[in-house]
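# Breakdown of the fold
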Amino acid sequence: MRVSTKYIFVTGGVTSSLGKGIISASLAKLLQARGYSVTIQKLDPYINVDPGTLNPYEHGECYVTDDGAETDLDLGHYERFLNVPTSQANNVTTGRIYQSVIDKERRGDYLGKTVQIIPHITDEIKSCVAKLGTGGAHEIVITEIGGTVGDIESLPYVEAVRQFRYEQGRDNVLVIHLTLIPYLSAAGELKTKPTQHSVKTLQSQGIQPDILVCRTEHRLGEDQKRKIALFCNISDEAVIESIDADTIYDVPLLMKDEKLDTVVLDKLKLQHRDEPTLDTWRSFLTRFKNPTKTITVGLVGKYVELQDAYKSILEGLVHAGVENETKVKVISLHSEEINDENAAERLKGLEGIIVAPGFGKRGLGGKISAIRYARENEVPFFGICLGMQCCVIEYAQNVLHLDGANSSEMEANTPHPVIGMMEEQKAITNMGGTMRLGAYACTIKEDTLAHKIYGRTEISERHRHRYEFNNDYLSQFEEAGMKASGFNPETGLVEIVEIPEHPHFIGVQFHPEYKSTVANPHPLFINFLKAAIQHKEQVGASV
Ligand code: GLN
């Protein structure tokens, strides 16, 4: 007998940045390990239709799914933890909700009624949640509500949860509230009052949370847990401690120790099924914590002040580091601070260099200088999206000596647009959702580095860019030594370039970082690190 879908909502209290995404992903992991099919959804209370138009400084990286949705970076955590792809349905913003309601209003779907937050916006929110459960696609849907309870913009979401719980029945809908128990060092005490207030706010909006997950720097005593339970109307076993962890990958096991999964199953009246062993996860963690080597790689980009801007790349390096039993130290390098004169000094000691994705002219010169250094000094190089485009520009300028060669994104009137815009893209004026987005097939040539890395000729990777390698210049590049090793089978667009004479020089037009997971570290990252390890051994040996 198939059980009807169960829904879990995760709200946040006291402050933002408590890690709702990691808690949601960890709970999903535990339930998945017991054999449940789980998906996670993020509802974001901002008015942008998607985060695609947001500067990374605002909201961190924009994560892209196979179906080409530009989404919140939490979806990256969901995929990295669960190893199951997400889609547009897994990330909904207030902007998207309103857009859909307004479209319906213009079509006349509301039959002359006044369109209001309640019921029309709340109905739309509920239908976005229910959509993931219907058709039996998932037994459990976890919906994370962005923002903090008490924010004006969260109100319609909280109201939608209240109604949804009434409509679906209490046994089918659970609310987990993630909160903070701050430690006052002057008093030497953990304080529960902010949590009590935050729960009261939720209660005043008609929701009694079922489970409290309490972020804390220090262990909560039984008496504190009981106090929280008493004042927040929560059963004792449902006050879950979430102590600061060394790594986000510890969190599923910490949540298992706290029995979050069994409390959830009991409250939703679901069978416990198999006890999760999480063997693969544990072995990943053991290898992560016991590396046999250390290497240092440089990540060159212009958003380096904000770690979240390159989240998936950093996590991809973690996964691939574990695969190589290597601790990867990542040095973030601001591209605006690098030039041809200081590159050798700034980049010395790096065993590998990555040039990150990005948009616009700022810091372009530094990326090109870093690439030149890597190319000329045989330092393993890995260019991602803009990083690939920059290595094409660098080669055009310094090897092909094409004066003024550039991307037409950076220099509209460049005499040599080695990176240019496709005709179809030129007519588009809207910024949102108009890039080449999502999964595209790529055919890899045999006897290339790319083929050695992937071990096959047909791959699919995710894209997010407007500009492309200009095939008018392809033969010049190939004659000089930079080869195209991956092509889009339908359009012939160049997706991968490499320099066979260099020990490891590869640039990819797509974003492999979006597909690296704990269970499936990405081969491009694994092999880049292998080359970096080798470089370290060789340089070490020659000193
Ligand atoms: N700005 C470049 C383009 O639009 C690269 C984008 C990226 O790195 N994601 O083509």
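Let me begin by describing the structure that accompanies this report.

Reading the values: the criteria
Residues numbered from 1 in each chain as written. Predicted model: local features only at pLDDT ≥ 70, side-chain atom pairs only at ≥ 80, totals over all residues. Heavy atoms only, no water. Near = heavy atom within 4 Å. Polar contact = N/O pair within 3.5 Å; in protein donor to acceptor, adjacent residues only side chain to side chain. Areas by Shrake-Rupley, 256 points an atom, 1.4 Å probe, with all protein chains shown as cover. Helix = DSSP H or I, 4+ residues; strand = E, 2+ residues; numbered from the N terminus. Nonpolar A, V, L, I, M, F, W, Y, C, P; charged D, E, K, R; others polar. Salt bridge = Lys/Arg side-chain N within 4 Å of Asp/Glu carboxyl O. Buried < 20%, exposed > 50% of the residue type's maximum accessible area, 1.4 Å probe, protein only. Axes fitted to C-alpha atoms, helices over the stretch in contact; angles between N-to-C directions. Parallel < 35°, antiparallel > 145°, perpendicular 65-115°, else oblique. Contact = heavy atoms within 4.5 Å.

Another aspect to go through is the site of the ligand. By nearness alone, every residue bordering the ligand is listed as Pro357, Gly358, Phe359, Cys385, Leu386, Gln389, Glu409, Arg464, His465, Arg466, Tyr467 and His511. In this structure, an oxygen atom belonging to the ligand sits 3.0 Å away from a side-chain N or O atom of Gln389. Within the backbone of Arg466, a nitrogen or oxygen atom sits 3.0 Å from an oxygen atom of the ligand. Isolated, the ligand exposes 300 Å² of accessible area, and the fraction of that covered by the protein chains is 99%. Looking at the shell around the ligand, the elements that each hand over two or more residues are helix H15 (386-398) and strand S19 (458-465). Residue classes in the shell around the ligand are distributed as 5 nonpolar, 4 polar and 3 charged.

Counted by the stated rule, this structure contains 37 salt bridges. When the shortest N-O distance is used, the salt bridge between Glu275 and Arg34 registers 3.4 Å. Of this pair, Glu275 sits in the loop between helix H10 (260-267) and helix H11 (279-289) while Arg34 is found in the loop between helix H1 (20-33) and strand S2 (38-44), placing the two residues 241 residues apart along the sequence. Using a relative accessible area of 3% as the deciding quantity, one classes Arg34 as buried. Measuring nitrogen to oxygen at the nearest pair gives 2.9 Å for the salt bridge that ties Glu275 to Lys256. Of this pair, Glu275 sits in the loop between H10 and H11 while Lys256 is found in helix H9 (residues 251-257), placing the two residues 19 residues apart along the sequence.

Axis separation between H1 and H10 bottoms out at 9 Å; the angle between their running directions is 75°. Between H1 and H10, the angle falls in the class roughly perpendicular. Contacts between H1 and H10 pair Leu27, Leu30 and Leu31 from the former with Leu260, Asp261, Val264 and Leu265 from the latter.

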